[in-house]
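Geometric and topological summary
One letter stands for each residue in the lines below.
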Amino acid sequence: MLDGLIRTQIEPGLNSLGRMLAGRGVTADQVTLAGFGLALLSAGAIVVEAYALAFVLILLGRLADGLDGAVARATALSDRGGFLDITLDFAFYGLVPAAFALADPDANALAAAILLLAFYVNGASFLAFAVMAEKKKITTDQRGVKSLYFTTGLMEGAETVIFFLAFCLFPAFFSPLAYLFASLCAVTTTSRILLGWRTF
């Protein structure tokens, strides 16, 4: 929901930084992998309950996630880069709830499992829509230049980061926040299924 608005605000700066990195020989895939490394570190910080550190690492990792596309646009977009980016994005989305479950299984495991289920179904609907859109030659640039079709929804990347940061700020409230997030993901999934039913 917020991705389009945020993109218009930060994309010029990201593109400028992306051009600078590309000019120094940094590749988009390197930025993607660096971002995933930060995601792994953030999950590790959550497991040991270093939530302030996790907060910073999540922010840095998401900065890298925005920068890889900027570097790619400054050089050349590739299917391999798009594939790597979306795969590691989904891995990051799963890492954070799993890390909270490991940090405090008694308090967090059930809520984390429900949230991961919501992510699983939401991700399946997102990727399935992208595949069918490709078959139908349907395109969009609502979320910028992407390697695959991005459908809009109530819960997108920006909202995911906001909830993840809220988890780190208020770890004692992980469970209610996770249940709320899962419910909102279910709304997004339902709307995408309805959209797919009408479109295809």
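Conventions adopted
Residues numbered from 1 in each chain as written. Predicted model: local features only at pLDDT ≥ 70, side-chain atom pairs only at ≥ 80, totals over all residues. Heavy atoms only, no water. Helix = DSSP H or I, 4+ residues; strand = E, 2+ residues; numbered from the N terminus. Buried < 20%, exposed > 50% of the residue type's maximum accessible area, 1.4 Å probe, protein only. Contact = heavy atoms within 4.5 Å. Areas by Shrake-Rupley, 256 points an atom, 1.4 Å probe, with all protein chains shown as cover. Expected span 1.5 Å × (residues − 1). pLDDT = per-residue confidence, 0-100. Salt bridge = Lys/Arg side-chain N within 4 Å of Asp/Glu carboxyl O. Axes fitted to C-alpha atoms, helices over the stretch in contact; angles between N-to-C directions. Parallel < 35°, antiparallel > 145°, perpendicular 65-115°, else oblique. Left-handed = near helix turned anticlockwise from the far one by under 90°. Nonpolar A, V, L, I, M, F, W, Y, C, P; charged D, E, K, R; others polar.

Looking only at helices and strands, the protein chain has seven helices and zero strands in total. Each helix and strand of the protein chain, placed in order from N terminus to C terminus, yields the pattern α-α-α-α-α-α-α. Within the span of the protein chain, comprising 200 residues, buried residues form 42% of the whole. Excluding contacts between residues fewer than 6 apart, the proportion of contacts in the protein chain whose partners are at least 24 apart in sequence is 77%. Summing over all exposed atoms, the protein chain offers an accessible surface of approximately 10500 Å²; the carbon and sulfur share of this is 69%.

Moving on to helix H7 (residues 174–199). Along its 26 residues, H7 runs 36 Å from first to last C-alpha, staying within 8% of the 38 Å computed at 1.5 Å per residue. For H7, the full list of buried residues reads Phe174, Ser175, Leu177, Ala178, Phe181, Ala182, Cys185, Thr188, Thr189, Arg192 and Gly196. Where H7 is buried, its residues touch helix H4 (79–103), helix H5 (105–135) and helix H6 (157–169).

When the pLDDT values of the protein chain are averaged, the result is 88; 88% of them are 70 or greater. In the model of the protein chain, helix H1 (residues 3–23) stands out as the element of lowest mean pLDDT, 77, in contrast to helix H2 (residues 28–47), which has the highest, 96.

Among the secondary structure elements, Asp89 is positioned in helix H4. Those residues in contact with Asp89 that lie beyond four places of it in its chain are Arg62 and Asp65.

The next thing to look at is the pattern of salt bridges. In a structure, side chains of opposite charge can pair up when their charged atoms sit close to one another. Throughout the structure, instances matching the rule amount to three salt bridges. A salt bridge links Asp29 to Arg80; the shortest N-O distance between them is 2.8 Å. You can see Asp29 sitting in helix H2 and its partner Arg80 sitting in helix H4, a full 51 residues away along the chain. Judged by its relative accessible area of 63%, Arg80 is exposed. Put simply, Asp65 and Arg62 hold a salt bridge, and the shortest N to O gap is 3.3 Å. Here Asp65 and its partner Arg62 are both found in helix H3 (residues 51–74), three residues apart, which amounts to about one turn of the helix. Look at the salt bridges and you will find they share partners, linking Arg62, Asp65 and Asp89 into a network.

This part covers the packing of H4 against H6. Packed helix pairs are characterised by how far apart their axes lie and by the angle those axes make with each other. Here H4 crosses H6 at 20°, and the two axes come no closer than 11 Å. Classified by the angle their axes make, H4 and H6 are roughly parallel. Seen along the crossing, H4 lies across H6 with a hand that is left-handed. Every residue of H6 that contacts H4 at Phe92, Tyr93, Val96, Pro97 and Phe100 is listed here: Gly157, Thr160, Phe164, Phe167 and Cys168. Its residues assigned to classes, the contact of H4 with H6 comprises eight nonpolar, two polar and no charged.

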